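Below are the chains, spelled out letter by letter.
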Amino acid sequence: MSTEEELENEELYEHFRYVAHVGQEPLRVDKFLMNFIENATRNKIQQAAKAGNVLVNENPVKSNYKVKPNDVVRVVLTHPPKENLVLPEEIPLDILYEDDELMVVNKPAGMVVHPGHGNQTGTLVNGLIHHIENLPNNSNERPGLVHRIDKDTSGILVVAKTEFAMAHLSKQFFDRTTERLYYALVWGNIEEESGTIQGHIGRSLKNRLQMSVFPDGEFGKHAVTHFKVLERFSYVTLVECKLETGRTHQIRAHFKYIGHTLFNDERYGGDAVLKGTTFTKYKQFVENCFKVLPRQALHAKTLGFTHPKTGKFMQFNSEIPEDIQHCLEKWRTYTVNQKEG
């Protein structure tokens, strides 16, 4: 996957804010916004209003609301569509749920989410446009996508099938009202049973392939990760992470920042023996774990959101993939043998 594509901000929507001039004549809010937002169609704005994404003076309004002088108009829109050059491909999809508005899929590790430089085929989006006709666009080559996860991270994604669902779900991610839980295996024994990691996340000033944490907030965007320990294995720890924000590489960057890099995370240095003994046998054991789990130990296990049409909160869970399971079993056996020895 292209490093530039992978490190793009995963928020696939735009936030606009306008203040009506003191001499503003009464004008429908959808027409008002069309005067300001380049490439926005009236239908797209109307769908956003229907989803509660158009606010005047912080209150949701319908598309026929008449804008008055000094009104503060805010809108969250998906990125304007560009020419779609993605080719549909018959790719097996692990579909957990599907209806007329949306689909929930369980993405395997190794699958790129959307096409980019060097990855024009075989992506989740290629499979989606084969499975579903006329997916709403976020931007070029990203039909249906509301959020993303990294190529080598497994787990759950929600896909929008209509403009209304895209607008409604995008607003939920923007407002941080979704529920996102990840399982991660990290280096070291985390002393606390639970905790919170805070620190702005932005592109590293030293290595553009990484994201870094800027605790003073001088760079990057606000990011918060809550965690709790699930299981301890001597030199590594299994944690559950709850995302309050959804920055690119958030969990990977946050845990490296606190000294607990993800297990076998090559980009962030987790593919070396970071904790443990110097014995050759131990090093061989870790190498065997890397072979069983040839990617960062991160899985998007749970996703919860409000259904755009029914208003019902829906929660989806996925099983921990076999590669992570096998790695955990190896560590469990190692830990038991170490205690008995």
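Residues numbered from 1 in each chain as written. Predicted model: local features only at pLDDT ≥ 70, side-chain atom pairs only at ≥ 80, totals over all residues. Heavy atoms only, no water.

> Hey, could you run me through the confidence of the model for the protein in this one?
Regions with low pLDDT should not have their predicted coordinates read in detail. For the protein, the average pLDDT comes to 88, and 90% of its residues sit at 70 or higher. Long-range and interchain partners of residues 1-11, a stretch whose pLDDT sits below 50, account for 47 contacts in this model, where long-range means more than four residues apart. This stretch, residues 80-84, has a pLDDT under 50; its non-local contacts, to residues over four places away or in other chains, come to 13 contacts. (pLDDT = per-residue confidence, 0-100. Contact = heavy atoms within 4.5 Å.)

> Looking at this structure, how should I read the pattern of salt bridges?
A side chain of one charge can pair with a side chain of the opposite charge when the charged atoms of the two come close. Applying the stated rule across the entire model yields 13 salt bridges. Asp150 is the salt-bridge partner of Arg252, the closest N and O atoms lying 2.9 Å from each other. With Arg252 in helix α6 (residues 250-257) and Asp150 in the loop between α4 (124-131) and β9 (154-160), this residue pair connects regions lying 102 residues apart in the sequence. We note that Arg252, like Asp150, is buried. Here Glu231 ties to Arg332 by a salt bridge, and the two come within 2.7 Å at their closest N and O atoms. Taken together, the residues span a long stretch of sequence, with Glu231 in strand β14 (residues 224-233) and Arg332 in helix α8 (residues 322-340) at a distance of 101 residues. A residue is classified by how much of its surface remains accessible, and Glu231, at 25% relative accessible area, is partly exposed. One salt-bridge network, held together by shared partners, links Arg28, Asp30 and Arg42. (Salt bridge = Lys/Arg side-chain N within 4 Å of Asp/Glu carboxyl O. Helix = DSSP H or I, 4+ residues; strand = E, 2+ residues; numbered from the N terminus. Buried < 20%, exposed > 50% of the residue type's maximum accessible area, 1.4 Å probe, protein only.)

> Quick question: what am I supposed to make of the side chain of Glu179 here?
Position of Glu179 among the secondary structure elements: in strand β10 (residues 179-187). In this structure, Glu179 is buried with no salt-bridge partner, the nearest side chain bearing the opposite charge being Lys242 at 5.7 Å. Within the local environment of Glu179, its side chain forms a polar contact with the side chain of Gln315, the two groups lying 2.7 Å apart. (Lys, Arg positive; Asp, Glu negative; His and termini not counted. Polar contact = N/O pair within 3.5 Å; in protein donor to acceptor, adjacent residues only side chain to side chain.)

> Help me understand the pairing of β9, please; the structure alone is not making it clear to me.
In summary, the side chains of a regular strand alternate between the two faces of the sheet. Extensive coverage of β9 is indicated by the burial of seven of its seven residues. Relative to β9, strand β8 (residues 102-107) is paired through six bridges, and the arrangement is antiparallel. What sits directly across from Met103, in β9, is Val159. By the bridge criterion, two bridges tie β9 to strand β16 (residues 298-306) in an arrangement that is parallel. Bridge pairing links Ser154 to His299 in β16. (Pairing = 2+ DSSP bridges.)

> Looking at this model, I keep getting lost on the packing of aromatic side chains. Mind explaining?
For any two aromatic rings, the description comes down to two numbers: the centre-to-centre distance and the angle of the planes. Evaluation of the coordinates by the stated rule reveals 14 aromatic pairs. Ring geometry for Tyr235 versus Tyr282: centroids 5.2 Å apart, planes at 75 degrees, classification edge-to-face. Of this pair, Tyr235 sits in the loop between β14 and β15 (236-243) while Tyr282 sits in helix α7 (residues 280-292), placing them 47 residues apart in sequence. On the basis of relative accessible area, Tyr282 is assigned to the buried category, the value being 2%. Note on Phe305 and Phe316: the rings are 5.9 Å apart at their centroids and 25 degrees apart in plane angle, and the pair reads as stacked. Note that Phe305 is positioned in strand β16 and Phe316 in strand β17 (residues 313-317), a separation of eleven residues in sequence. For Phe305, a relative accessible area of 0% translates into the label buried. (Phe/Tyr/Trp six-rings, centres within 6.5 Å; stacked < 30°, edge-to-face > 60°.)

> Help me understand the nonpolar core, please; the structure alone is not making it clear to me.
If you look at the biggest cluster of nonpolar residues, it comprises 31 residues, and the most contacted ones within it are Tyr182, Val239, Ile251 and Phe255. In this view, Val239 contacts Tyr182, Tyr183, Ala184, Val186, Ile190, Lys228, Val229, Leu230 and Phe255; residues no more than four positions away in its chain are not counted. (Core = buried A, V, L, I, M, F, W, Y, C linked by side-chain atoms within 4.5 Å.)

> Please clarify how helix α5 (residues 163-175) should be interpreted in this entry.
Residues spaced three or four apart along an α-helix point in a common direction, a consequence of the helix completing one turn every 3.6 residues. With 13 residues, α5 extends 18 Å between its outermost C-alpha atoms, agreeing within 8% with the 18 Å of an ideal straight helix rising 1.5 Å per residue. Of all 13 residues making up α5, ten are buried, and the element is well covered by its neighbours. Taken as a whole, α5 has its buried residues at Phe164, Ala165, Met166, Ala167, His168, Leu169, Ser170, Lys171, Gln172 and Phe173. Arg176 sits one or two positions beyond α5 and adopts a positive phi of about 65 degrees. (Expected span 1.5 Å × (residues − 1).)

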